[in-house]
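Read off the chains here:
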Amino acid sequence: FLLDATYLGYYSNETMEALNEICAANNASYEFLDSDFEEMKKASHRNDYLGINHYQCHFVKAYNGENAIHHNGTGDKGTSVYKVKGIGERIYKEGIPRTDWDWIIYPEGLYDLLLRIKADYPHYNKIYITENGMGYKDEFDDGIIMDQPRIDYLKVYLQSLAKAIDTGVNVKGYFLWSLMDLFSWSNGYNKRYGLFYVDFETQKRYPKASAYWYKHISDTKIVE
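Not measured: the values here are computed from a predicted model.

A. Seen up close, the layout of surface pockets. Here the largest pocket is characterised by a volume of approximately 980 Å³. Looking at the lining of the largest pocket, the elements with two or more residues in it are helix H1 (2-8), helix H2 (13-25), strand E5 (88-91) and helix H4 (108-120). When residues of the lining of the largest pocket are assigned to their parent elements, the largest contribution, 5 residues, is made by H2. Among the residues making up the lining of the largest pocket, the classes are represented as 14 nonpolar, 5 polar and 5 charged. One number sums up the size of the second largest pocket: a volume of about 250 Å³. Taken together, Leu158, Leu161, Ala162, Ile165, Tyr174, Tyr214, Ile217, Ser218, Lys221 and Val223 make up the lining of the second largest pocket. Taken together, the elements giving at least two residues each to the lining of the second largest pocket come down to helix H5 (148-166) and helix H6 (209-220).

B. View of the pattern of salt bridges. In total, this model carries 9 salt bridges according to the counting rule given. A salt bridge links Arg150 to Asp138, with the nearest nitrogen and oxygen atoms 3.1 Å apart. On the criterion of sequence distance, the pair formed by Arg150 in helix H5 and Asp138 in the loop between strand E6 (127-131) and H5 is long-range, its members being 12 residues apart. Connected via shared salt-bridge partners are Asp138, Asp147, Arg150, Asp181, Arg192 and Lys208.

C. Broad picture of the sheet that holds strand E2 (residues 59-61). Pairing in this open sheet of 4 strands is antiparallel, and the strands run E2-E5-E4-E3 from one edge to the other. In this open sheet, the two strands that pair with only one neighbour each are E2 and strand E3 (68-70). For this sheet, the mean inter-axis angle between neighbouring strands, taken without regard to orientation, is 30°. Inspection of the sheet shows strand E4 (residues 81-84) paired to E5 by 2 bridges, in the antiparallel sense. Residue pairing across strands places Lys83 opposite Glu89, the latter belonging to E5.

D. The packing of H4 against H5, seen in detail. Packing of H4 against H5 brings their axes to within 8 Å, and their N-to-C directions diverge by 25°. As judged from the angle between their axes, H4 and H5 are roughly parallel. For the pair H4 and H5, the crossing hand works out as right-handed. In this structure, H4 contributes Glu108, Leu110, Tyr111, Leu114 and Leu115 to the contact, and H5 contributes Tyr157, Ser160, Leu161, Lys163 and Ala164. Class assignment for the residues of the contact of H4 with H5 results in 7 nonpolar, 1 polar and 2 charged.

Criteria and thresholds
- Residues numbered from 1 in each chain as written.
- Predicted model: local features only at pLDDT ≥ 70, side-chain atom pairs only at ≥ 80, totals over all residues.
- Heavy atoms only, no water.
- 1 Å grid on protein atoms, 1.4 Å probe; cavity = no way out; pocket = protein on both sides within 12 Å on 5 of 7 lines; lining within 4 Å.
- Points joined across faces, edges and corners; volume = space filled by probe spheres on them.
- Helix = DSSP H or I, 4+ residues; strand = E, 2+ residues; numbered from the N terminus.
- Nonpolar A, V, L, I, M, F, W, Y, C, P; charged D, E, K, R; others polar.
- Salt bridge = Lys/Arg side-chain N within 4 Å of Asp/Glu carboxyl O.
- Pairing = 2+ DSSP bridges.
- Axes fitted to C-alpha atoms, helices over the stretch in contact; angles between N-to-C directions.
- Parallel < 35°, antiparallel > 145°, perpendicular 65-115°, else oblique.
- Left-handed = near helix turned anticlockwise from the far one by under 90°.
- Contact = heavy atoms within 4.5 Å.

This is the structure:
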């Protein structure tokens, strides 16, 4: 919906069919002004780059029951619920790992996304991955933080990104989320994202195993 407006200046038939189906299921309506489309069309070839924040994707099945949403903000695995009438219900496929916060680890989703952008919006110019990373319950042991699951996550997503580049997608940069542990708008301090562990009481920082691994990747340009 966003990229149609940004890169085409109009909504494709496929997008409009989906929008109409969702609105019909929820007794909703919309109105688009012709003047808005005129401006979008003018801007459709003026984008310098596309920034993508990507952490996970979702598998969904058709759903027409009542809405039910529960955000897993505590790390109680299996508690996340997302059911929206006329849109879908998120499901978890067997064999696909997920974090304690029910975020699936499926790097093929990033690859598929990038190739779809290349196919549907060929004048996208260039892409930057502006956020990608994994929230995790890091264990602190006298300054040593062995966060192997984060390394495993980053490894497969960087490999998927490299595969997309080899296929011809013009990705010009990758920004890891994040350099150090920080406050999450939805989870507070319940999980950590950083390469550096932050003692929030003293503000002292400690490099995690992932920091040394990421340095090696940066130095060698080899994901292994």
